[in-house]
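Fold and contact review
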Amino acid sequence: MTGVPASAAGGSSAAKPAAAGTAASGAASKPGVVSGASAASVAPAASGSDSGSKSARGGKLTAAAVNQASVWNIANLLTMLRLLLVPGFVALMLADGGYDPAWRSFAWAAFAVAMITDLFDGHLARTYNLVTDFGKIADPIADKAIMGAALICLSALGDLPWWVTAVILGRELGITLLRFLVIRYGVIPASRGGKLKTLTQGVAVGMYVLALTGWLATLRFWVMAAAVVLTVVTGLDYVRQAIVLRRQGIAERKAALEETEA
């Protein structure tokens, strides 16, 4: 019986896998040849990268939308209300020559609402994390606007000496400018004296807005005197803190520079 020897048959079958392996290794060694499995794995990776970039862009748009919406929070709305009350207060204060007790009472009500919103907007912003760039800028402007309008109206009507208005407004504007000058070194925190000054100023100006007579007129004089004293003392204290803060900031920067050079 004619046939192929078993050893020959085995050698032939063993040679086929070897040839297949050689062909596969050759294909893998060629730069232009990519296996089907490799191609399949590249495609999902590319699509995953595209989806990742889209989600990143979507996240940025969402964050921008949230930041834009956060401007319209309760704290900023109270600040806007205070700004809107300024022209209304001036109109009521100067109505009918500025000496009508009824119009002065309405002006006092507008001033009181403005001062109350000043107490709440900052507290709400800090408590509920509603602090925004708009609030940081608009809040001090609203504070100075309502107080400045009241003082100027009172001095223009002859109810308050101009030097009192100059001292209070000069201090407020000067300290605000000083804060901006030293902000690179740190923030000057609000002191208890500063808060007491604000309260005393509000009460004193409110009493002058009302058409008071008799012993109440005498009382408002002394309340305003206390407000002026607190204005000057706290202003000098802020200047001292600003000088100390600037010196500390310069010393820290110098030390950091020396460490870098070493």
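Another point: a nonpolar patch on the surface. On the surface, W72, I74 and L77 cluster together into a nonpolar patch covering about 330 Å² of accessible area. The class for I74 is partly exposed, based on a relative accessible area of 45%.

Moving on to the packing of helix α5 (residues 133-156) against helix α6 (residues 162-182). At their nearest, the axes of α5 and α6 sit 9 Å apart, and the two run at 160° to each other. Overall, the two elements α5 and α6 adopt an arrangement that is roughly antiparallel. The two elements α5 and α6 cross, and the hand of that crossing is left-handed. Of the residues in α6, those in contact with K144, G148, L151, I152, S155 and A156 of α5 are W162, T165, I168, L169, E172 and T176. Here the contact of α5 with α6 is composed, by residue class, of six nonpolar, four polar and two charged.

What follows covers the packing of aromatic side chains. Scanning the entire structure with this criterion turns up three aromatic pairs. Here F89 and F111 contribute two aromatic rings whose centre-to-centre distance is 5.9 Å and whose plane-to-plane angle is 45°, an arrangement assigned as tilted. On the criterion of sequence distance, the pair formed by F89 in helix α3 (residues 74-94) and F111 in helix α4 (residues 101-127) is long-range, its members being 22 residues apart. Grouping residues by exposure puts F89 and F111 together as buried. With a centroid separation of 5.2 Å and an interplanar angle of 80°, the aromatic rings of F221 and W222 are classed as edge-to-face. With relative accessibility at 56%, the residue W222 sits in the exposed group.

Right, let's talk about the confidence of the model for the chain for a bit. In the predicted model, the chain carries a mean pLDDT of 78, and 74% of its residues have values of at least 70. Contacts of residues 52-56 to residues separated by more than four positions or lying in other chains number zero contacts, the stretch itself having pLDDT below 50. Across residues 58-69 the pLDDT falls below 50, and counting only partners more than four positions away or on other chains, this stretch makes zero contacts in the model.

Reading guide: rules and limits
- Residues numbered from 1 in each chain as written.
- Predicted model: local features only at pLDDT ≥ 70, side-chain atom pairs only at ≥ 80, totals over all residues.
- Heavy atoms only, no water.
- Patch = residues over 30% accessible without salt bridge, like charges linked within 9 Å, V, L, I, M, F, W, Y side chains within 5 Å.
- Areas by Shrake-Rupley, 256 points an atom, 1.4 Å probe, with all protein chains shown as cover.
- Salt bridge = Lys/Arg side-chain N within 4 Å of Asp/Glu carboxyl O.
- Buried < 20%, exposed > 50% of the residue type's maximum accessible area, 1.4 Å probe, protein only.
- Axes fitted to C-alpha atoms, helices over the stretch in contact; angles between N-to-C directions.
- Helix = DSSP H or I, 4+ residues; strand = E, 2+ residues; numbered from the N terminus.
- Parallel < 35°, antiparallel > 145°, perpendicular 65-115°, else oblique.
- Left-handed = near helix turned anticlockwise from the far one by under 90°.
- Contact = heavy atoms within 4.5 Å.
- Nonpolar A, V, L, I, M, F, W, Y, C, P; charged D, E, K, R; others polar.
- Phe/Tyr/Trp six-rings, centres within 6.5 Å; stacked < 30°, edge-to-face > 60°.
- pLDDT = per-residue confidence, 0-100.

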